[in-house]
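Coordinates in review
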Amino acid sequence: MREWESPDYEPRLPVSEKSNPLTRDIDRASACCIVRMLQACDAQMFQEETGATYQRLLSDRVVQTVMEVARRVEVVLKEPQGGLVVLSGCGTSGRLAFLTASGFNRELRTRDHSSLFSYIVAGGDRALLSSQEAPEDDANLGILSLKKACEGKTRVLFIGISCGLSAPFVAGQLDFCLQHPEVYTPVLLGFNPPHQASDEPIPGCTFTFHSVVQRMQELVRREEAFLITPAVGPEAVSGSSRMKGGSATKILLDVILSAAHAATFTNTPITYKGVVQHMRAYEKTLEVTYAQSEGIAALVEAAGQSLCRGRRVCYLGWGSLAVLGLIDASECEPTFGADYEDVRGFTRGGYSELNNNEGPLTSLGSQFCIAHQDFLRFVLPTLSDQDTVLLIYTQDDVSDVVTLARTVRGKTSNLHAVHHHTDEHAAAAAQQEDINKLCLSTVRVTWSTATSESLVHMQRELSTKLLLNAVSTGAHILKGKIYQNHMIDVQVTNSKLYRRATRLLQKLSAHPEHRCEEALLKAIHRVDELTADISSSDVTTHAHAARDRSMAESHLEQEPIIREAVEAWLS
Ligand code: F1P
């Protein structure tokens, strides 16, 4: 049995919140070692089940349920009248719901079908590009957005994603589905075993995430509800479910939806073997990506240096790879206490390519200006050699990339490329040569021509996600934003993060839980003594008060390297 799987290892924590034994000293590692540790953590996603402790991605029960859910999607695709598949989640889970729903709707359009996939992200479309953690605690908001997305529909397959099995927004939606079985079939996607679902009371509701899961479990045998909850191992940075949680979400959604598509449009039956093969293709994706670990480490180093100097990292992407850049950048604020300017993503056509529910969001402020044109107008003029710019593209985009690379090179030589290609495309080789000359480094990820175009497309997306997660996580680690393997410069903006902060204080101070919670409350409310009012308020109220407070605020102003700040503070 692996260390983290032992019942004695951090027994009070669900898998998604445990700390990973592989990364205990990631805060003191070099760029190369960081990438190697991330690779080892990612590889845990595909480890086989041992001794029936936890279901894993490739466990029999998981594969069977993936097939059952894919069949339900197939039914909607074959009989679209009144049908809809809704993918919903908070933060990264909602962003990946968006990426997947948009990708598969695009495929439907190429076959002259109308869209059958909808996404919901807690906090609406602004949450695609920025952290909106408060709505994640709002179960009623979840229900309202589900009702709105399903107006006029008579058969809805609802896939609720919560990596930690904890978001009240999703719990509310699942509860609503259970109450309306004539229309809704609920599916839960997450990465803890069901018994570890959160039992935290949800204000204004009689259910908890845990009680909803229990009710779903009773319906599983009759195939009236589905649970896909494999463990993928603790995150490299504890609780950072954007990483493996997000990757496994993408893998499972891709496998389910593409199996349903193939069954509907190419008469390929949904089989056990087919599902396992598709999952294995993602395992291969990890290998192909991390075969470039030296190149990735160079990017981590460059990005880390930029952040250490208070400069920025910009991702300029094309197509859906750009969306992964937008997603990765949006997560740096809540995960590392970063400013939105620190890591930013841009996509060629802006909102016209993004095709999101609410259309252009540029009026919300500069953070929401996401087109390459916006980059050229507002960001490029401020750049110097100390900023890192990363181009992310496939061979289809090279001519456009050369043009942009030349323009950027005029302002900074700190230009790098991530180029996904298949060996078939020698035609673009001359232009790629030009790009190589303009860039300080190029990571070339090569995909097999023997694989279908749609699978390569999904593999490129996962590969880009892994690579960018490594760059932004690694760069912030080099900047000193992680203590051992814990995020510490986070805002305590919802109940999950509030509980996490309390536990962290407990771990660091070895004081009992109630004392740590007291200390956290004093910091949040900026008081020396807790009033009766504060003590009797619920977690949501505290999270509200904390929204503008950084957990480590004042200590970090004096000592930006987290491990040193914490050690100085403890001593
Ligand atoms: C949702 C989420 C994460 C984010 C942060 C806060 O988590 O928004 O995506 O990184 O941890 O919570 P979950 O509901 O998928 O567990």
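Residues numbered from 1 in each chain as written. Predicted model: local features only at pLDDT ≥ 70, side-chain atom pairs only at ≥ 80, totals over all residues. Heavy atoms only, no water.

**Section: the overall build of the protein chain**
Assigned secondary structure in the protein chain consists of 23 helices and twelve strands. Taking 25 Å as the expected radius of gyration for a compact globule of 571 residues, we find that the protein chain reaches 23 Å, a close match to that expectation. If you line up the protein chain on its principal axes, its C-alpha atoms span 70 × 60 × 50 Å. Expressed as a percentage of the 571 residues in the protein chain, the buried residues total 60%. Considering only contacts within the protein chain whose residues lie at least 6 apart along the sequence, 77% involve residues at least 24 apart. Summed over all atoms, the accessible surface of the protein chain reaches about 22300 Å², with 49% contributed by carbon and sulfur. Between the centroid of the 55 positive side chains of the protein chain and the centroid of its 69 negative side chains there is a distance of 2 Å. (Helix = DSSP H or I, 4+ residues; strand = E, 2+ residues; numbered from the N terminus. Rg over C-alpha atoms; globule rule 2.2 N^0.38 Å. Buried < 20%, exposed > 50% of the residue type's maximum accessible area, 1.4 Å probe, protein only. Contact = heavy atoms within 4.5 Å. Areas by Shrake-Rupley, 256 points an atom, 1.4 Å probe, with all protein chains shown as cover. Lys, Arg positive; Asp, Glu negative; His and termini not counted. Charge placed at Lys NZ, Arg CZ, Asp CG, Glu CD.)

**Some details on the site of the ligand**
The local shell around the ligand consists of C90, G91, T92, S93, E133, E136, S162, C163, G164, A167, S241 and K496. Within the side chain of S93, an N or O atom sits 2.7 Å from an oxygen atom of the ligand. Compared with its free state, where it exposes 390 Å², the ligand has 94% of that area covered by protein. (Near = heavy atom within 4 Å. Polar contact = N/O pair within 3.5 Å; in protein donor to acceptor, adjacent residues only side chain to side chain.)

**Examining the packing of aromatic side chains**
Per the counting criterion, the structure on display carries six aromatic pairs. A centroid spacing of 4.9 Å and a plane angle of 75 degrees characterise the contact between F98 and Y119, whose relative ring orientation is edge-to-face. One end of the pair, F98, is in helix 3 (residues 92-110); the other, Y119, is in strand 2 (residues 117-121), with 21 residues separating them in the sequence. Note on accessibility: F98 and Y119 belong to one class, buried. Measuring from ring centre to ring centre gives 6.2 Å for F104 and F117, while their planes differ by 70 degrees; the resulting arrangement is edge-to-face. With F104 in helix 3 and F117 in strand 2, the pair connects residues that are 13 residues apart, well separated along the chain. Judged on exposure class, the residue F104 and its partner F117 are both buried. (Phe/Tyr/Trp six-rings, centres within 6.5 Å; stacked < 30°, edge-to-face > 60°.)

**Some remarks on the sheet that holds strand 2**
Taking strand neighbours across the sheet as the criterion, the five strands line up as 2-1-3-4-5 in an open arrangement whose pairing is parallel. This sheet does not close on itself; its edge strands, each paired only once, are strand 2 and strand 5 (226-228). Looking at each pair of strands side by side, their axes are set apart by 20 degrees on average, direction ignored. (Pairing = 2+ DSSP bridges. Axes fitted to C-alpha atoms, helices over the stretch in contact; angles between N-to-C directions.)

**As for the UniProt feature "domain: SIS" (unreviewed entry) in the protein chain**
The UniProt record annotates "domain: SIS" (unreviewed entry) at residues 73-266 and 303-481. The annotated region residues 73-266 carries 44% helix and 14% strand content, and the separation between its end C-alpha atoms amounts to 15 Å. (UniProt positions renumbered as here; feature names shortened; annotations may be inferred.)

**As for the domain arrangement of the protein chain**
Split into domains, the protein chain comes out as domain 1 (60-285), domain 2 (291-479) and domain 3 (486-570). Between the C-alpha centres of domain 1 and domain 3 the distance comes to 32 Å. Taken together, the contact between domain 1 and domain 3 spans twelve residues of the former and 13 residues of the latter. Interface of domain 1 and domain 3: buried area, both sides summed, is about 1000 Å²; carbon and sulfur atoms make up 45% of it. Across the domain 1-domain 3 interface, the total number found is one salt bridge. (Domains from an automatic or database assignment. Buried area = accessible area lost by both parts, 1.4 Å probe. Salt bridge = Lys/Arg side-chain N within 4 Å of Asp/Glu carboxyl O.)

**Quick look at the pairing of strand 9 (residues 415-422)**
With eight of its eight residues buried, strand 9 lies for the most part within the structure. Residues L415, A417, H419 and H421 point to one face of strand 9 and H416, V418, H420 and T422 to the other, with burial holding for every one of them. Both strand 8 (residues 388-394) and strand 9 contribute to a ladder of six bridges, which runs parallel. Each residue of the ladder has a partner; that of Y393, found in strand 9, is H419. Alignment of strand 9 against strand 10 (residues 441-447), held across seven bridges, turns out to be parallel. Counterpart to H419 in the pairing with strand 10 is R444.

**Comments concerning the environment of R2**
Mapped onto the secondary structure, R2 falls in the segment before helix 1 (31-43). When the C-alpha atoms of R2 and G233 are compared, they prove to be 9.8 Å apart, with 231 residues separating the residues in sequence. Non-local contacts of R2, meaning those with residues more than four positions away in its chain, are made with Q47, E48, T50 and R56. Here the side chain of R2 touches E48 through a polar contact of 3.3 Å, landing on its backbone oxygen.

**Overview of the pairing of strand 6 (residues 313-317)**
Counting buried residues along strand 6, five of its five residues qualify, which places the element largely inside the surrounding structure. Residues of strand 6 alternate between two faces, with V313, Y315 and G317 on one and C314 and L316 on the opposite face, all of them buried. Note that strand 6 and strand 8 share five bridges and pair parallel. Each residue of the ladder has a partner; that of V313, found in strand 8, is T388.

**So, the packing of helix 2 (residues 60-78) against helix 9 (residues 272-290)**
For the pair helix 2 and helix 9, the least separation of the axes is 10 Å and the interaxial angle reads 110 degrees. In terms of axis orientation, helix 2 runs roughly perpendicular to helix 9. On helix 9, the residues touching D60, V63, Q64, V66 and M67 of helix 2 are Y272, V275, V276 and M279. When its residues are assigned to classes, the contact of helix 2 with helix 9 shows seven nonpolar, one polar and one charged. (Parallel < 35°, antiparallel > 145°, perpendicular 65-115°, else oblique. Nonpolar A, V, L, I, M, F, W, Y, C, P; charged D, E, K, R; others polar.)

**What about the nonpolar core?**
In terms of nonpolar packing, the biggest core is built from 112 residues, with V66, V73, F117, I228, I251, M279 and Y315 touching the most fellow members. Apart from the residues lying within four places of it in its own chain, the contact partners of M279 are F46, L57, L58, V63, V66, I251, L252 and V255. Ranked by size, the runner-up nonpolar core spans 34 residues in total, among them I143, V156, L174 and A197. (Core = buried A, V, L, I, M, F, W, Y, C linked by side-chain atoms within 4.5 Å.)

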